[in-house]
Amino acid sequence: MAHEEIDKVTGVSTTGHEWDGIKELNNPLPRWWLWVFYACIAFAVGYVFVYPAVPLVSSYTTGFLGHSQRASALADAEAGKAARAEVGKQLANASLDQIKSDPKMLEFAMAQGRAAFGDNCAPCHGSGATGSKGYPNLQDDDWLWGGKLTDIEHTITVGVRSTSPDTRMNDMPRFGTDGLLDAKQIRNVAGFVLSLSGGSVKGADVAAGKQIFAENCTACHGEDAKGSTDLGAPNLTDKIWLYGGDEASVINTITVAHRGVMPTWGGKLDPVTIKSLAIYVHDLGGGT
Amino acid sequence: MRVDENVTAGSDSYYAAAKKNYPSSVSGRLRTIKWSVLIITLGIYYFLPFIRWDRGPDAPGQAVLIDMAGRKAYFFGVEIWPQEVYYLTGLLVLASIALFLMNAVAGRVWCGYLCPQTVWTDLYFAVERWIEGDRRDRILMDRAPMSAGKFLRKAVKHLIWLLIAVGTGGAWVLYFGDAPTIIKDTFTGNAAPIVYIWIGMLTFTTYSLAGFMREQVCLYMCPWPRIQAALTDEWALNVTYRTDRGEPRMSVKTGATAKVAGAAVGDCIDCKACVQVCPTGVDIREGMQLGCIQCGLCIDACDTVMKKVGREPGLIGYDTDMNIARRSEGKPPIYRIVRPRTVLYAALIVIIGGIMAYTLANRAFQGVSVLHDRNPLYVNLSDGGTRNGYTVRLINKRPQERHFVLTVSGLPEGFMVEAQGVAAADGKPVVEVPADTTRELRVLVMVPNGAKLSASTPINFYIVDTDNGEKASASDFFKTAGAS
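Only a predicted model underlies this, so the values are computations on that prediction, with no experimental measurement involved.

Each helix and strand in chain B was counted, giving 17 helices and 16 strands. For 484 residues, the compact-globule estimate of 2.2 N^0.38 gives 23 Å, and chain B exceeds it by more than 25% at 33 Å. Across its three principal directions, the C-alpha atoms of chain B cover 115 × 60 × 60 Å. Partitioning the contacts of chain B with sequence separation of at least 6, the portion at a separation of at least 24 is 70%.

Quick look at the structure:
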């Protein structure tokens, strides 16, 4: 360096740069540091050519490798699908009880069932499967069409009052709307029905209601009013009421006879998914 | 700003090529200590994974093992689960306070004796000296043109360096799996790619950092020298050139003449032995500085020379600037190892170490954690009762299968506890948990009709080992629609 000025205090030469009388000392950087810096620049330049880097007006430079996060995410999804197909094959050939007793298949079915439930069932039954008025709560222990694994699988497959020819189906008469019973009779029978689970209806003659029940309702609901899962007739002696268990709701139900509909899933979901759903729903509150 | 055309002309010199050091061999007390530390630390590093430790048939038989796949860490009789990672935190806290203490007592003990960079560089220097000769031979050889002999020596040196480097990476991976198996798999090409990647990375770092970067790591890459400047104080012992005794420095001959003339004569004979042995190439006589890692080799070198010229050893030694000033004023030096700073650090080490040892000795070998269902919070049953669902995880940290009775308290009589997939005895589920693992269960708690519970009732889950009665508990809530 032609320029050589030594700072008196430190004994270090200065760079010659001076700002308002303050001079910059020249404590040289190690040269390898400079090389690392150049190497970083070279790396960055290489990166721009190899990977997607420069934004253009409506796209971007894709790079020589053609790497894309979207493509790799899709590849991951495909790989996941392929891996699921392997266990899925096992599930297709296994019975529901076999799946339930095999921890590995059970875990898989539960996971798949949970996902399928969220996609297909939650709109009516709720994300927690607790249902709401008119939509059965799948968490409790009351099952209109049976709570066994096979019952649940069948219900999911064919639906209730659905377009499937094999659909679950029953037809409670509209006692009020169709004039089969008058208002007084409906009030009496409602009083009888609610008395079975400890309730009451104002001004109802329970004895008369019992008589009306025997003549009109026992065919489906049974003489003990406990219903029948073969017919999908609700148990009227318990505390679970699909359309409400208060006085007005029960009278309304007898009057208009609600007819809930659940679609058939047989054609829409593959058998493995339906099996998984059956396993998942049974786990929530199914019985034996 | 003043524009100076000379600056641009000479801008090249804003960067300086690293000056290669040729530290010469030295022997003495501190060198012996350094050799011992090197042998002990590297011995531990390279051979610890081979020590076996019997933990029964289902657990790994390696004394020190970080089992990533099994999510466990083993250290002889201690087994750490991921949720106990605070023991690692504790160790790191202890390590940092130990560093503070070292600094308060004797400066950069870590840098000079214990730092991996120092230890491996020292080993590489030893190899270099062994193959290429001492300082003078190495300087001459580097200056000489390439010859067959020079090439052979250089090749052998780099080969040994690379072998050490590969061994460094090789030993590292042994801590993460069964050592004999990994060695066999590595040599037969059957090891996982990650094994080769780690060996490759540590081979590269060891070879480049210990073989080429050396003191550049301490000077430009390491943050620790900067931090230590804030940790040291005027009482901390540091490798110090005792200027009060050494200056004015002059050769033995000049000194003899000066003495006759009645002039002041220092003990330093300016032989530069201290500079020549320095692994970072600093001159200790310039005082405390960033480049000095305080390995104390200059002390050994100076003592050897002092003995030779018949003067008192200790011209360079562990001392403080304060004592230099005191001696210059004719006062006796004072040393205070025990002072508030060191006492505080030592006390922290004892307290934290004590707490860790206590919790380690008294930790439970079983645990239970409970997660209440979020959706739904409760289910009304057909008989008018209420059911709550929980996800319960039982933890068994013992190396054998155990059975736990699961019970719940805090609810009125008549409630039922059902663990799905678990048989009950006496109405209480008995859960089998395999050795050294956890088991997750879905547990349903049912309260019959008419229990009249408020919207939220605090309850406790207990697990009791059927064999030895060891317990664990967790608290949660039982939710209902509320009292009606």
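Structure shown, so let's carry the discussion forward.
Counting secondary structure elements, chain A contains ten helices and three strands. The helix and strand sequence of chain A, counted from the amino end, reads β-β-β-α-α-α-α-α-α-α-α-α-α. In terms of overall size, chain A is more extended than a compact globule, its C-alpha atoms giving a radius of gyration of 37 Å where 288 residues would be expected to give roughly 19 Å. For chain A, the spread of C-alpha atoms along the principal axes amounts to about 120 × 50 × 40 Å. Evaluated residue by residue, chain A yields a buried proportion of 29% over its 288 residues. Nonlocal contacts in chain A, meaning residues at least 24 apart in sequence, comprise 53% of its contacts between residues at least 6 apart.

Another point: the nonpolar core. All names here are of chain B. Core analysis: the largest hydrophobic core is formed by 41 residues, its most contacted members being Cys274, Val277, Leu297, Cys298, Ala301, Cys302 and Ile316. Those elements that provide at least two residues to this core are helix H3 (86–106), helix H4 (109–114), helix H5 (116–132), helix H7 (148–174), helix H9 (193–213), strand S5 (238–241), helix H14 (273–277) and helix H15 (297–308). Of all the elements, H15 adds the most residues to this core, at six residues. Each of domain 1 (29–84 + 109–224) and domain 2 (238–328) accounts for three or more of the residues forming this core. Beyond its immediate chain neighbours, meaning those up to four positions away, Cys298 contacts Val239, Cys274, Val277, Cys278, Ile284 and Ile316.

Moving on: the sheet that holds strand S2 (residues 64–67) of chain B. Note on sheets: strands pair through backbone hydrogen bonds, and any given pair is parallel or antiparallel. Residue and element names in this part refer to chain B. In space, the three strands of this open sheet follow the order S2-S3-S4, with antiparallel pairing throughout. The open sheet is flanked by S2 and strand S4 (78–80), the only strands paired with a single partner. Looking at each pair of strands side by side, their axes are set apart by 10 degrees on average, direction ignored. Across four bridges, the pairing between S2 and strand S3 (residues 72–75) is antiparallel. From the neighbouring strand, Asp67 faces S3, where its bridge partner is Lys72.

What follows is about the sheet that holds strand S13 (residues 428–433) of chain B. Residue and element names in this part refer to chain B. Spatially, five strands are ordered S12-S13-S10-S15-S16 in an open sheet, and the strand pairing comes out antiparallel. Across the chains shown, the open sheet's two edge strands, defined by having one partner strand only, are strand S12 (424–425) and strand S16 (471–479). When strand S15 (residues 456–465) meets S16, the two strands line up antiparallel, connected through nine bridges. Bridging from a neighbouring strand, Phe461 pairs with Ala474 of S16.

This part covers the pairing of strand S2 (residues 22–25) of chain A. Working note: regular strand, side chains alternate between the two faces of the sheet. Bridging between strand S1 (residues 14–19) of chain A and S2(A) involves three bridges; their strand directions are antiparallel. For A:Glu18, the partnering residue across the bridge sits in S2(A) and is A:Lys23.

All names here are of chain B. For the pair H7 and H9, the least separation of the axes is 7 Å and the interaxial angle reads 135 degrees. It follows that H7 is oblique to H9 by the angle criterion. Taken as a pair, H7 and H9 cross one another with a handedness that is right-handed. Here Trp161, Leu162, Ile164, Ala165, Val166, Thr168, Gly169, Gly170, Trp172 and Val173 of H7 come into contact with H9, specifically with Val195, Trp198, Ile199, Gly200, Met201, Leu202, Thr203, Thr206, Tyr207 and Gly211. Tallied by class, residues from the contact of H7 with H9 come to 13 nonpolar, seven polar and no charged.

Before going further, it helps to examine the domain arrangement of chain B. All names here are of chain B. According to the domain assignment, chain B consists of domain 1 (29–84 + 109–224), domain 2 (238–328) and domain 3 (366–479). The straight-line distance from the C-alpha centre of domain 1 to that of domain 3 is 51 Å. Residue-level contacts link six residues of domain 1 with four residues of domain 3. Along the lines of polarity and charge, the residues of the side of domain 1 that touches domain 3 split into two nonpolar, one polar and three charged.

With that out of the way, let us pick up the interface of chain A and chain B. Contact with chain A, which involves 28 residues of that partner, is made by 23 residues of chain B. Where the side of chain A that touches chain B is concerned, the elements lending two or more residues are S1, strand S3 (29–30) and helix H1 (31–50) of chain A. At five residues, S1(A) tops the list of elements feeding residues into the side of chain A that touches chain B. Here the side of chain A that touches chain B is composed, by residue class, of ten nonpolar, eleven polar and seven charged. Both S3(A) and strand S1 (residues 15–16) of chain B contribute to a ladder of two bridges, which runs parallel. Among the inter-strand pairings, A:Pro30 is bridged to a residue of S1(B), identified as B:Ala16.

We now examine the pairing of strand S9 (residues 386–396) of chain B. All names here are of chain B. Of all eleven residues in S9, nine are buried, a share of seventy percent or more. Judged from the two bridges that link them, strand S8 (residues 379–380) and S9 form a sheet pairing that is antiparallel. Directly across from Asn380, in S9, lies its bridge partner Thr386. The antiparallel pairing of S8 with S9 creates a hairpin that spans five residues between the two strands, and Gly384 there sits at a positive phi of about 90 degrees. Alignment of S9 against strand S14 (residues 437–447), held across eleven bridges, turns out to be antiparallel. Residue pairing in the sheet places Tyr390 in a bridge with Val443 of S14.

Take H9(B) next. Residues and elements named next belong to chain B. Helix length check: H9, at 21 residues, gives a terminal C-alpha distance of 28 Å against a target of 30 Å (1.5 Å per residue), a fit within 8%. All of the buried residues in H9 are Val195, Ile199, Thr203, Thr206, Tyr207, Ala210, Gly211 and Met213. At its buried positions, H9 is contacted by H5, H7, helix H8 (179–188) and helix H10 (215–221). Where H9 ends, the next residue or the one after it, Arg214, has phi of about 45 degrees, a positive value.

To continue, consider the confidence of the model for chain B. Confidence along chain B averages 90 in pLDDT terms, with 97% of residues attaining 70 or more. With pLDDT under 50 throughout, residues 1–12 of chain B is counted as low confidence; its partners more than four residues away or in other chains account for 17 contacts.

All names here are of chain B. Structurally, Phe212 can be placed in helix H9. By the C-beta count within 10 Å, which is 14 here, Phe212 ends up partly exposed. As for Phe212 and Thr121, which are separated by 91 residues in sequence, their C-alpha atoms are 9.2 Å apart.

Residue and element names in this part refer to chain B. Packing of H5 against H7 brings their axes to within 9 Å, and their N-to-C directions diverge by 155 degrees. Viewed along their axes, H5 and H7 adopt a mutual orientation that is roughly antiparallel. H7 is crossed by H5, and the crossing has right-handed handedness. For the pair H5 and H7, contact is made by Leu123, Tyr124, Val127, Glu128, Ile131 and Glu132 and by Arg153, Val156, Lys157, Ile160, Trp161 and Ile164, respectively. Broken down by class, the residue content of the contact of H5 with H7 amounts to eight nonpolar, no polar and four charged.

What follows deals with unusual backbone geometry. Residue and element names in this part refer to chain B. Geometrically, the link from Glu247 to Pro248 is a cis peptide bond, its omega value of -10 degrees lying close to zero. With respect to the helices and strands, the residue Pro248 is situated in the loop between helix H12 (243–246) and helix H13 (252–260). Phi at Lys272 takes a positive value of approximately 65 degrees, unusual for a residue other than glycine. The phi angle at Asp426 is positive, at roughly 65 degrees, despite the residue not being glycine. Along the chain, the position of Asp426 falls in the loop between S12 and S13.

Cut-offs and rules
- Residues numbered from 1 in each chain as written.
- Chains lettered and ligands numbered in written order.
- Predicted model: local features only at pLDDT ≥ 70, side-chain atom pairs only at ≥ 80, totals over all residues.
- Helix = DSSP H or I, 4+ residues; strand = E, 2+ residues; numbered from the N terminus.
- Rg over C-alpha atoms; globule rule 2.2 N^0.38 Å.
- Contact = placed C-beta atoms within 7 Å.
- Buried ≥ 20, exposed ≤ 12 C-beta atoms within 10 Å, placed from the backbone.
- Core = buried A, V, L, I, M, F, W, Y, C linked by C-beta atoms within 7 Å.
- Domains from an automatic or database assignment.
- Pairing = 2+ DSSP bridges.
- Axes fitted to C-alpha atoms, helices over the stretch in contact; angles between N-to-C directions.
- Parallel < 35°, antiparallel > 145°, perpendicular 65-115°, else oblique.
- Left-handed = near helix turned anticlockwise from the far one by under 90°.
- Nonpolar A, V, L, I, M, F, W, Y, C, P; charged D, E, K, R; others polar.
- Expected span 1.5 Å × (residues − 1).
- pLDDT = per-residue confidence, 0-100.

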